[in-house]
Amino acid sequence: MMDNSQTEMNILVTPEMANFSGKMHGGSMLKKLDEVAYTTAIQYCGHYAVTLSVDQVLFKNPVEIGEFVTFLASVNYTGRTSMEIGIKVIAKNLKEQTVRHTHSCFFTMVAVDDKGHSINVPPLEPSSEVAKRRFNDALRRRQRRME
């Protein structure tokens, strides 16, 4: 069971998402990733959230038209007003029943009030070993960005 710091979303990749080579367009993927990051952030903090940065978008494998794509997202770290959202993308070829990891990335989202001013988010309290590792890795990424 997922808590409010995790989100799973699914889509079917359709022809209007295609680029000239017949694969899912990178821009379409980035748009979906941003939607997943937004959903995860607002679900966690209960407030509107905006994208501050996108880091380490790794396009490991192309996604084919007709594949079923799952986005697995989690809040990895929280600052005072920001949240790092990690996203892993899995594509499934429905005919062949094959699954592969296609994309990974990190979004930094900032919670804002109705006037667009940043507001505090609940502190993340990682409990599992995986959540603690993600938190520490995110903290290191944050420190590198601040340098």
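Calculation criteria
- Residues numbered from 1 in each chain as written.
- Predicted model: local features only at pLDDT ≥ 70, side-chain atom pairs only at ≥ 80, totals over all residues.
- Heavy atoms only, no water.
- Helix = DSSP H or I, 4+ residues; strand = E, 2+ residues; numbered from the N terminus.
- Rg over C-alpha atoms; globule rule 2.2 N^0.38 Å.
- Contact = heavy atoms within 4.5 Å.
- Areas by Shrake-Rupley, 256 points an atom, 1.4 Å probe, with all protein chains shown as cover.
- Lys, Arg positive; Asp, Glu negative; His and termini not counted.
- Charge placed at Lys NZ, Arg CZ, Asp CG, Glu CD.
- Patch = residues over 30% accessible without salt bridge, like charges linked within 9 Å, V, L, I, M, F, W, Y side chains within 5 Å.
- Salt bridge = Lys/Arg side-chain N within 4 Å of Asp/Glu carboxyl O.
- Buried < 20%, exposed > 50% of the residue type's maximum accessible area, 1.4 Å probe, protein only.
- Core = buried A, V, L, I, M, F, W, Y, C linked by side-chain atoms within 4.5 Å.
- Expected span 1.5 Å × (residues − 1).
- Arc of directions from axis to C-beta.
- Polar contact = N/O pair within 3.5 Å; in protein donor to acceptor, adjacent residues only side chain to side chain.

Re the overall build of the protein chain
Line of reasoning, step 1. Within the protein chain one finds 2 helices and 5 strands.
Line of reasoning, step 2. Going from N to C terminus, the protein chain has its helices and strands arranged as β-α-β-β-β-β-α.
Line of reasoning, step 3. Here the C-alpha atoms of the protein chain give a radius of gyration of 16 Å, agreeing with the 15 Å that 2.2 N^0.38 yields for 147 residues.
Line of reasoning, step 4. Summarising its shape, the C-alpha atoms of the protein chain cover approximately 45 × 35 × 35 Å along the three principal directions.
Line of reasoning, step 5. A separation of at least 24 residues holds for 70% of the contacts in the protein chain among residues at least 6 apart in sequence.
Line of reasoning, step 6. By element, 53% of the accessible surface of the protein chain is carried by carbon and sulfur atoms, the whole surface being about 8,500 Å².
Line of reasoning, step 7. Considering the protein chain, the positive charge centre built from 18 side chains and the negative charge centre built from 16 side chains are found 4 Å apart.

A look at a nonpolar patch on the surface
Line of reasoning, step 1. Taken together, Leu12, Phe68 and Leu94 make up a surface patch of nonpolar side chains, about 250 Å² in accessible area.
Line of reasoning, step 2. Relative to the helices and strands, Leu12 is located in strand S1 (residues 6–12).
Line of reasoning, step 3. Residue Leu12 is classed as partly exposed on the basis of its relative accessible area of 44%.

Brief notes about the nonpolar core
Line of reasoning, step 1. Counting residues in each nonpolar core, the largest one holds 32 residues, and the members touching the most others are Phe71, Met83, Ile85 and Ile87.
Line of reasoning, step 2. Of all the elements in the fold, those that place two or more residues in this core are helix H1 (26–45), strand S3 (68–78), strand S4 (82–93), strand S5 (98–111) and helix H2 (129–146).
Line of reasoning, step 3. In terms of residue count, H1 provides more of this core than any other element does, 7 residues in total.
Line of reasoning, step 4. Contacts of Ile87, omitting those with residues within four sequence positions, involve Leu33, Val36, Ala37, Phe71, Leu72, Ala73, His103, Ser104, Cys105 and Phe107.

Quick notes on H2
Residues that lie three or four places apart on an α-helix share one face, since the helix turns once every 3.6 residues.
Line of reasoning, step 1. Here H2 is 18 residues long and its end C-alpha atoms lie 26 Å apart, about the 26 Å a rise of 1.5 Å per residue gives.
Line of reasoning, step 2. Looking at the buried side of H2, the elements it contacts are strand S2 (49–59), S3, S4 and S5.

Here's the deal with H1
Line of reasoning, step 1. Between its terminal C-alpha atoms H1 stretches 28 Å, which fits the 28 Å expected from 20 residues at 1.5 Å a residue.
Line of reasoning, step 2. For H1, every residue scored as buried is listed here: Met29, Leu33, Val36, Ala37, Thr40, Ala41, Tyr44 and Cys45. For H1, the buried positions fall inside an angular range of 140° around the axis, keeping them on one side.
Line of reasoning, step 3. Tucked into the core, H1 has its buried residues touching S1, S2, S3, S4 and S5.
Line of reasoning, step 4. Downstream of H1 by a residue or two, Gly46 has a phi angle that is positive, lying close to 80°.

Some remarks on the environment of Ser128
Line of reasoning, step 1. Mapping Ser128 onto the fold places it in the loop between S5 and H2.
Line of reasoning, step 2. Only 3.0 Å separates the side chain of Ser128 from the backbone nitrogen of Ala131, close enough to count as a polar contact.

On their own, these measurements won't tell you what the molecule is for.
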